[in-house]
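These are the residues of each chain, in order.
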Amino acid sequence: MKKIAVLTSGGDGPGLNPCIRAVTRRALKEGVEVFGVRWGYQGLLDNDITPLESRDVSGILGKGGTFLGTARCPEFKDIKVRRKAIRHMNQRGIEGLIVIGGNGSLAGANALHEMGFPTVGIPASIDNDIDGTDMAVGVDTTLNTIVDAIDRIKDTASSHQRAFLIEVMGRDCGYLALHSGLAGGAELILVPEREGPDLETIDQVVLDAYLHGKGHCIMVIAEGWKPGTRAVAEHLLAHRDDLGFDVRVTVLGHVQRGGRPTVFDRTLATRMGARASEALLNGDSGVMIALRGGKLEYFPLVEAVKQLKPLDKVMLALAEVMD
Ligand code: ADP
Ligand code: F6P
């Protein structure tokens, strides 16, 4: 292979820049030309593709977001549209592609592989919902951002004797809520993978915190949990006179997606990026670079995108006994 391309797709997250840098520099070391595709799969359709030299990826190691840009491009699910993308790469002599992104993006990577275009995936999603890898790029930074927010909210919650509902991202996955709630010492963690508890049980958690003399009651709620943060807030506010605590809600939102990547994410991104280039140049395709038990391994893309990664039951059980 003499020319390869790299793109970032789907929701952004911290660590994408170090990942692009590692892909680029590792491939350049082998004398291979590297191209950056702007705006995810959309850039393949628009032919928005530029050569990347070592200096083009300088100074981005500590920057959040992705300097290539990212996008969602629903029409990429259509095989005719993907044929156009492959034609654009063929016209430039690009022989292989590295896709950095979440479940949807990796499904797109697998679709290109199944059409015969050599493609390797790197798991990058703050949600940590990609099956087959212990960690995805971006998760660690996001967890640290959330825990920092929980610590800050706890200060003000204790000062006012308040209960706080803190809603975190994760789409349909409770990983961020579970792990930030554990590390942040939440009194209650609500995740979509576990049904309930009902609103009366939540009342009891708040009341218990008050009766045990706690100055606050912190509840971390995954955005995918039903019936949702608003339902809990309305219920608790309606009963605040009986519960001891007044109630406030903080939806952390996109603050969780930005920011300087942590050392863990920079290192993971660098390891995965370099390995992805090596894989592609060695003739591998249809694989995702996965972190398994501390080591990098290849995991079939087709398996990775079949289902969401299940939540670790041991961690769920641990959270139950820490309130
Ligand atoms: P993420 O990669 O963060 O999970 P999305 O689910 O929005 O984000 O997917 C990102 C993009 O990946 C989509 O906009 C689309 O371009 C592409 N994609 C998603 N699913 C498929 C699929 N089944 N086949 C081909 N491309 C897909
Ligand atoms: O998949 C990452 C993620 O941040 C989810 O946690 C969240 O549900 C979604 O993306 C938000 O997407 P958008 O930025 O398009 O609103």
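Residues numbered from 1 in each chain as written. Chains lettered and ligands numbered in written order. Predicted model: local features only at pLDDT ≥ 70, side-chain atom pairs only at ≥ 80, totals over all residues. Heavy atoms only, no water.

(A) Highlighting the pairing of strand β4 (residues 96-101). In terms of residue burial, β4 counts as a mostly covered element, since six of its six residues are buried. Here β4 shows two buried faces, one formed by Gly 96, Ile 98 and Ile 100 and the other by Leu 97, Val 99 and Gly 101. The pairing of strand β1 (residues 3-9) with β4 spans six bridges and is classified as parallel. Its bridge partner being in β4, Val 6 is matched across the sheet by Ile 98. By the bridge criterion, five bridges tie β4 to strand β5 (residues 119-123) in an arrangement that is parallel. Bridge assignment links Val 99 to a residue of β5, and that residue is Gly 121. (Buried < 20%, exposed > 50% of the residue type's maximum accessible area, 1.4 Å probe, protein only. Helix = DSSP H or I, 4+ residues; strand = E, 2+ residues; numbered from the N terminus. Pairing = 2+ DSSP bridges.)

(B) Representation of the side chain of Glu 187. Note on placement: Glu 187 falls in the loop between α6 (175-184) and β7 (188-190). Glu 187 sits in the buried class, given a relative accessible area of 8%. In terms of polar contacts, Glu 187 uses its side chain to reach the side chain of Lys 214, at 3.0 Å. Each residue touching Glu 187, except ones within four places of it in the same chain, is listed here: Val 205, Ala 209, Lys 214, His 216, Cys 217, Ile 218 and Asp 323. (Polar contact = N/O pair within 3.5 Å; in protein donor to acceptor, adjacent residues only side chain to side chain. Contact = heavy atoms within 4.5 Å.)

(C) Local environment of the site of ligand 1. Around ligand 1, the structure places 17 residues, and the nearest of them are Arg 72, Cys 73, Gly 102, Gly 104 and Ser 105. One of the backbone nitrogen or oxygen atoms of Asn 103 is found 3.2 Å away from an oxygen atom of ligand 1. Taking Ser 105, its side chain carries an N or O atom lying 2.5 Å from an oxygen atom of ligand 1. The greatest single-element share of the shell around ligand 1, amounting to five residues, is contributed by helix α4 (residues 103-114). (Near = heavy atom within 4 Å.)

(D) Representation of the nonpolar core in the model. If you look at the biggest cluster of nonpolar residues, it comprises 85 residues, and the most contacted ones within it are Leu 44 and Ile 98. At seven residues, the largest contribution of residues to this core is made by helix α5 (residues 139-160). Per-domain counts for this core show at least three residues from each of domain 1 (3-138 + 261-307) and domain 2 (140-257). Leave out the neighbours within four places in its chain, and Ile 98 touches Ile 4, Ala 5, Val 6, Leu 7, Val 23, Val 120, Ile 122, Ala 276, Ser 277 and Leu 280. One finds Ala 163, Cys 217, Val 232 and Val 247 within the second-largest nonpolar core, a separate group that totals 18 residues. (Core = buried A, V, L, I, M, F, W, Y, C linked by side-chain atoms within 4.5 Å. Domains from an automatic or database assignment.)

(E) Quick peek at helix α10 (residues 263-281). Between its first and last C-alpha atoms α10 spans 27 Å; for 19 residues at 1.5 Å apiece the expected length is 27 Å, and the two agree. Taken together, the buried positions of α10 are Asp 265, Leu 268, Ala 269, Met 272, Gly 273, Ala 274, Ala 276, Ser 277, Ala 279 and Leu 280. Downstream of α10 by a residue or two, Gly 283 has a phi angle that is positive, lying close to 95 degrees. (Expected span 1.5 Å × (residues − 1).)

(F) Expanded view of the side chain of Asn 128. As for its placement among the helices and strands, Asn 128 is situated in the loop between β5 and α5. Relative accessible area serves as the criterion here: at 1%, Asn 128 is assigned to the buried category. Only 3.2 Å separates the side chain of Asn 128 from the backbone nitrogen of Ala 136, close enough to count as a polar contact. Side chain to side chain, Asn 128 and Tyr 175 meet in a polar contact 3.5 Å long. The residues contacting Asn 128, other than those within four sequence positions of it, are Asp 134, Met 135, Ala 136, Val 139, Cys 173, Tyr 175 and Lys 309.

(G) Local environment of the sheet that holds β4. Taken in spatial order, the seven strands line up as β3-β2-β1-β4-β5-β10-β11 in an open sheet, and their pairing is mixed. Of all strands in the sheet, those with a lone pairing partner are β3 (49-52) and β11 (295-300), marking the two edges. The mean inter-strand angle of the sheet, taken between neighbouring strand axes irrespective of direction, is 30 degrees. With four bridges connecting them, β1 and strand β2 (residues 33-37) associate as parallel partners. Paired with Ile 4 across the bridge in β2 is Val 34. Against the sheet, helix α1 (residues 16-29) makes contact with β1, β2, β3, β4 and β5, and its axis sits at roughly 175 degrees relative to β1, the strand it touches most. (Axes fitted to C-alpha atoms, helices over the stretch in contact; angles between N-to-C directions.)

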